[in-house]
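Each chain, written out:
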Amino acid sequence: MNNKVIKFRVHFCVEPDGDLYYAYCPELRGVHEEGETPEIALENARESARACIISILEHNDPLPLSTETHYLEETSNRKNPTTQVEDLSVSFAYA
C-alpha cells in the first residue's frame, strides 16, 4: 500500500459559546467541535476535518468545493467569529 499526503485549504471559524468555544469548518458540514479554549476547539476541529476528509476519500465521495461566497454567508450572522484559512495536510493510504 502506498501512503500519500494531500493538502487541502479549508476555513475554520471559532467563536464563544457560553463557557466554551465552538469551532467549525464551513466547507465540511460535519465538522463542529468545542473546547475550553479557542486553541483547543480549533485543534479538535482540525482533527475532525482530517477524519472527515479521509472518510470522503476512502468512500470515493466528491470533495466539497470551497467558495468564498458560501463562507461569508455562513459566518455573517455569527457573534464575533474568529476565522482563519489553513492548509490542512492529510495522510491517506491507497492501494
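Heads up: the structure comes first, above all this text.
Everything quoted here is computed from the prediction, not taken from an experiment. (Residues numbered from 1 in each chain as written. Predicted model: local features only at pLDDT ≥ 70, side-chain atom pairs only at ≥ 80, totals over all residues. Heavy atoms only, no water.)

Undergrad: Give me the overall build of the protein: which residues, what numbers.
TA: A tally of regular secondary structure across the protein gives 2 helices and 4 strands. Along the protein, helices and strands appear, N-terminal first, in the series β-β-β-α-α-β. A buried classification covers 33% of the 95 residues belonging to the protein. Sequence separation of 24 or more characterises 60% of the internal contacts of the protein that already satisfy a separation of 6 or more. (Helix = DSSP H or I, 4+ residues; strand = E, 2+ residues; numbered from the N terminus. Buried < 20%, exposed > 50% of the residue type's maximum accessible area, 1.4 Å probe, protein only. Contact = heavy atoms within 4.5 Å.)

Undergrad: Describe the environment of Glu-86, and please don't skip the residues or the numbers.
TA: Its place among the elements puts Glu-86 in strand E4 (residues 82-94). Exposure remark for Glu-86: the relative accessible area of 12% places this residue in the buried category. Along the backbone, Glu-86 and Arg-9 are 77 residues apart, and their C-alpha atoms lie at a distance of 5.6 Å. Apart from the residues lying within four places of it in its own chain, the contact partners of Glu-86 are Phe-8, Arg-9, Val-10, Phe-12, Leu-42 and Arg-46.

Undergrad: For the packing of aromatic side chains, give the residues involved together with the corresponding values.
TA: Taken as a whole and assessed by the stated rule, the structure comprises 1 aromatic pair. Look at Tyr-22 and Tyr-24: their rings are 5.1 Å apart centre to centre, the planes differ by 25°, and that puts the pair in the stacked class. When its relative accessible area of 17% is taken as the criterion, Tyr-22 is described as buried. With a relative accessible area of 1%, Tyr-24 lands in the buried category. (Phe/Tyr/Trp six-rings, centres within 6.5 Å; stacked < 30°, edge-to-face > 60°.)

Undergrad: Give me the lowdown on the nonpolar core, citing residues and values where you can.
TA: Soluble globular proteins tend to bury their nonpolar side chains together. Among the nonpolar cores identified, the biggest contains 17 residues, and Phe-12, Leu-28 and Ile-53 are the most heavily contacted of them. The set of elements that each furnish at least two residues to this core consists of strand E1 (2-17), helix H1 (38-58) and E4. When residues in this core are grouped by element, the largest group, 7 residues, is from H1. (Core = buried A, V, L, I, M, F, W, Y, C linked by side-chain atoms within 4.5 Å.)

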